[in-house]
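Structural features, examined
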Amino acid sequence: MELRLINILLIITFALKVNANNLGYSDSKPLVIGIDQDYPPLEYVDEKGKPSGADVEFSKILMKRMNIPFKFAPNTWGAIANDILGGKVDLGMMVYSPYRKDVTNYSRAVIRLYYQLVTRKGTKRNYGLRDMHNVEVALMASRPVRDTLQKIGARLVIVDDLTKAMKELSAGKYDAVVCYRYQAKYLIGKYKLRNLEQEELTLTPREYCYASSNKKLIDAIDKELDKMEEEGLMDDVYGHVASTFNGIIIPRWVYMAIVAFVIVALLAVILNQMHNTRQLKKALDTARENEEKAKASEEKARQSEEVARANAEKARENEAIANANAEKARASEAEAQRIADVARRNAKEAEHNAMVASQNEAKAREAAEAARKSEELKDIFLGNMSHSLRTPLNAIIGFSDLLMTMDDSALPPEERANLLQLINKNGLELLHLINELLSLSEVEGDNQLFKREVTDVDYEMGQYASEIRMQLKDGVTLEVVEPIDGLRALVDKKLMRIVTMHLLENAMQHTTEGKITLSYYLKEGGMYVEVKDTGKGLPEKLKQNIFGLLADKNTYTHDENQDNPGLGLSVCKAIIDRCNGKIGARDNTEDGRGTIFWYWTPTEILN
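Let me sum up the structure you'll find in this document.

Pairing between the strands of a sheet comes from backbone hydrogen bonds, and it takes one of two forms, parallel or antiparallel. Strand order in this open sheet of five strands is 11-10-12-9-13, and the pairing throughout is mixed. In this open sheet, the two edge strands, each paired with only one partner strand, are strand 11 (155–159) and strand 13 (196–200). Sheet twist, expressed as the mean angle between neighbouring strand axes with direction ignored, is 30°. Pairing between strand 9 (residues 115–120) and strand 12 (residues 176–180): four bridges, direction antiparallel. The residue of strand 12 that forms the bridge with Gln116 is Cys179.

Spatially, 15-17-22 is the arrangement adopted by the three strands of the open sheet, whose pairing is antiparallel. The open sheet is flanked by strand 15 (453–456) and strand 22 (604–605), the only strands paired with a single partner. Inspection of the sheet shows strand 17 (residues 488–491) paired to strand 22 by two bridges, in the antiparallel sense. Paired with Ala489 across the two strands is Ile605, which belongs to strand 22. Contacts from helix 12 (residues 457–469) reach strand 15 and strand 17 within the one sheet, and its direction differs from that of strand 15 by about 60°.

Right, let's talk about a nonpolar patch on the surface for a bit. Taken together, Val259, Ile263, Leu266, Leu267, Ile270, Leu271 and Met274 make up a surface patch of nonpolar side chains, about 640 Å² in accessible area. Inspection of the secondary structure puts Ile270 in helix 9 (residues 252–317).

Analysis parameters
- Residues numbered from 1 in each chain as written.
- Predicted model: local features only at pLDDT ≥ 70, side-chain atom pairs only at ≥ 80, totals over all residues.
- Heavy atoms only, no water.
- Pairing = 2+ DSSP bridges.
- Helix = DSSP H or I, 4+ residues; strand = E, 2+ residues; numbered from the N terminus.
- Axes fitted to C-alpha atoms, helices over the stretch in contact; angles between N-to-C directions.
- Contact = heavy atoms within 4.5 Å.
- Patch = residues over 30% accessible without salt bridge, like charges linked within 9 Å, V, L, I, M, F, W, Y side chains within 5 Å.
- Areas by Shrake-Rupley, 256 points an atom, 1.4 Å probe, with all protein chains shown as cover.
- Salt bridge = Lys/Arg side-chain N within 4 Å of Asp/Glu carboxyl O.

In structure tokens, the structure reads:
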């Protein structure tokens, strides 16, 4: 048996060795992987001169799985790029470029890299690419990004050292720096550039791939990458670079957690129903036993009475015996009375158990109905979100396909600009929807959500009003009514901002003239906040279900034919419910038009 196992192991080892040799690499001629010696946190050479980074760790795992001997060759990026394209090194990692696809071979994407715009705090924040005309922007050489920024009129400065550029931006040079999201986060944290801030940039994300002049090697790597993705190894290695909330990689454990939660919920309902059924059966058995005991007690009492009568009759025949039997009869009568009392108590207990069994049965039916409704709401929610995500995605894909398939001369500039504006608008709407969906997921799933801290409520409310005033339409004003001077309270500052800003932004979107009023005061042991506007008011069809649109099969979060408020109000409702508070909306009868949204939460006031 041991000899057979040894033979099997030798065959497997030989097969693996043959796979490596088929690609032309061996211990004497290992595969050479070129890495950038200064590209943290993906790949770099540490203080001890050792290759490090996520790319290095991932490549080690990949080569070990493919049984390929290898070694790393660190160098500057310019030298490494030329070595990869010229075939001087066997393998490297680089961003996919359509300009290089004919001179090298790319694997499938390992991760996707998203762009961010880094600016100094206090400067005007840009949303997308619309406001970057005549802005001085520093960036590493990238033809697609360079072409895009040049078309919108940005003043570009091509740099070779991103670390130096970030430090110069912090010192006041340039207006902004464009780089990948993980680079911005890493450099700001490492060099403590606290006066810089990041924001998303609506540029096409780039695919980060393996590249080699050996097509056979790339094909083998693609097959192994598919297996590694199924096993979740990409998430394990690149988890600190990618993020669940920014769309680079969505870890497999998120999906598994959702499935596990649904399974646990269903098992809980089934177990609860089984428990209630067992309790009901036990109660019925107890009732039957008590009933039988009562019948037995009654029979015993009847028999006792007969004995008493016999004894009394015998007592009349013999006075001496009669006296003794009379005493015995009285004792038997007392016992019979006691047994009868026990029987009556057992009957009452049986009646009570029957009532409890009936209540348990009703609870079991309610639990089953709750499970059915939960499943129905899940299906409705998924259907609504599918519709809401497809609508802007279909617009973006349709308009971009039209632009790509038509010559520049075939489409007037005005129409081309209009199509680009529609693509940008739908992209921003899709981003807004995803952000709201993530907010709702965080509120519904985070058991450690609330982090109360001492908060200057007057200051925070003033900040919200200042942010909204900058975005108001012409002819609309925002007023803060009766602020409480020096109000300090223990609240979750983040949640108070989310709810209040949602209500203010909702009022801003629906008010084209008049004013918006923000007021807050103490009420019934908590804080009451109210946002009043003079907009077009609540549509009749939404008044009854304004905070629960996702429970309606025919109401979507994104539909130009409906006046739906999206997920924002659902997020507000979820937050206020978790705070044990109240939230509502009504018509603004004070001004004769518009809407009033309000919420109240129990709050600990410090002064």
